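Overview (structure and organization)
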Amino acid sequence: MLIRPERPEDIGQIDNLTAAAFAPMPFSDGSEPAIIRALRRDGMLTLSLVAAADDRILGHAAFSPVTVGEVSQRWYGLGPIAVAPGHQRQGIGTALMTTGLQHLRTIGALGCALIGDPAYYSRHGFISEGHLHYPGVPDTVVQHMTFSGPRPRGTLIYTPAFAAKD
């Protein structure tokens, strides 16, 4: 398996994989492929990584700018991140996340935030201290990893692409 930046020919597979991975999730409204397309269209897809094996995309992770509290530069959000059904729980998501976080560090990011399952993401160094909020979700699922500077406080704001539905 190779972790690499997405290529134009990967886009269809990324859409299909993301839709299939999120379809059984009760928290998903099915908008994840549209979010990735909107991030790409708006030039906000800072990093789009795929896990590829034999020209087949097995996983994808998107990283885009976010605002955390009063800080609107050099913070990034992880998500959507997806692994193909049948290939989950094999370390693919971890490899995508680790590679992406390392890249963010090399470009001088202050940190990365996400909304997700604390039981999973805490194993990778994300924390929730109750100081970072996102409307409509419990603070426990709003998590961050600080690379430098103070820990974030306030509201997590994603780009407008996260309102995409088509």
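Report on the accompanying structure.

Reading the values: the criteria
- Residues numbered from 1 in each chain as written.
- Predicted model: local features only at pLDDT ≥ 70, side-chain atom pairs only at ≥ 80, totals over all residues.
- Heavy atoms only, no water.
- Pairing = 2+ DSSP bridges.
- Helix = DSSP H or I, 4+ residues; strand = E, 2+ residues; numbered from the N terminus.
- Polar contact = N/O pair within 3.5 Å; in protein donor to acceptor, adjacent residues only side chain to side chain.
- Contact = heavy atoms within 4.5 Å.
- Buried < 20%, exposed > 50% of the residue type's maximum accessible area, 1.4 Å probe, protein only.
- Phe/Tyr/Trp six-rings, centres within 6.5 Å; stacked < 30°, edge-to-face > 60°.
- Core = buried A, V, L, I, M, F, W, Y, C linked by side-chain atoms within 4.5 Å.

As a further point, take the pairing of strand S8 (residues 154-158). A regular strand carries its side chains on alternate faces of the sheet. Direction of pairing for strand S3 (residues 56-68) relative to S8: antiparallel, over a ladder of three bridges. When the bridges of S8 are listed, valine 66 appears paired with tyrosine 158. Judged from the two bridges that link them, strand S6 (residues 132-133) and S8 form a sheet pairing that is parallel. Note on S8: the bridge partner recorded for histidine 133 is threonine 155.

Let's shift gears to the side chain of arginine 4. Relative to the elements of secondary structure, arginine 4 occurs in strand S1 (residues 2-5). Here aspartate 10 takes part through its side chain, which lies 2.7 Å from a polar atom of the side chain of arginine 4. Not counting the four nearest positions on each side in its chain, arginine 4 is found in contact with Asp10, Ser48, Leu49, Val50, Ala52 and Ile57.

The next point concerns the environment of phenylalanine 147. Considering the arrangement of structural elements, one finds phenylalanine 147 in the loop between strand S7 (142-146) and S8. Separated by 76 residues in the primary sequence, phenylalanine 147 and valine 71 have C-alpha atoms spaced 14 Å apart. In contact with phenylalanine 147, other than residues within four places in its own chain, are Leu101, Leu104, Arg105, Ala109, Leu110, Gly111 and Cys112.

Okay, the side chain of aspartate 10 next. Mapped onto the elements, aspartate 10 comes out in the loop between S1 and helix H1 (11-22). Judged by its relative accessible area of 3%, aspartate 10 is buried. Beyond its immediate sequence surroundings of up to four residues, aspartate 10 is in contact with Arg4, Pro5, Val50 and Ile57.

Turning next to the environment of tyrosine 76. Along the chain, tyrosine 76 turns up in strand S4 (residues 75-83). Expressed as a C-alpha distance, the spacing of tyrosine 76 and tyrosine 158, which sit 82 residues apart in the sequence, is 8.9 Å. In contact with tyrosine 76, not counting residues within four places along its chain, are Thr46, Ser64, Pro65, Val66, Leu104, Ile107, Ala109, Gly111, Cys112 and Ala113.

For the rest of this paragraph, the subject is the packing of aromatic side chains. The description of an aromatic ring pair rests on the distance of the ring centres and on the angle between the ring planes. Under the criterion given, the structure shown has five aromatic pairs. An angle of 90° between the planes, with centres 4.9 Å apart, marks the rings of tyrosine 120 and tyrosine 121 as edge-to-face. Taking the centre distance of 5.7 Å and the plane angle of 75° together, the rings of tyrosine 134 and tyrosine 158 count as edge-to-face. Of this pair, tyrosine 134 sits in the loop between S6 and S7 while tyrosine 158 sits in strand S8, and the two are 24 residues apart along the sequence. Each residue in the set Tyr120, Tyr121 and Phe126 is aromatic and connected to the rest through ring pairs, giving one cluster.

The biggest cluster of nonpolar side chains holds 22 residues, and the ones touching the most others in it are Phe63, Leu78, Leu101, Leu104, Cys112 and Phe126. Secondary structure elements with two or more residues in this core: strand S2 (47-53), S3, S4, helix H3 (92-106) and strand S5 (111-115). With five residues, H3 is the largest single contributor of residues to this core.

Below, the discussion takes up the pairing of S4. Counting buried positions along S4 yields nine of nine residues, so the element is predominantly enclosed. As paired elements, S3 and S4 share six bridges and run antiparallel to each other. Within the sheet, the bridge partner assigned to phenylalanine 63 lies in S4 and is leucine 78. The hairpin formed by S3 and S4 contains six residues between the paired strands, and glycine 69 there has a positive phi angle of roughly 60°. With three bridges connecting them, S4 and S5 associate as parallel partners.

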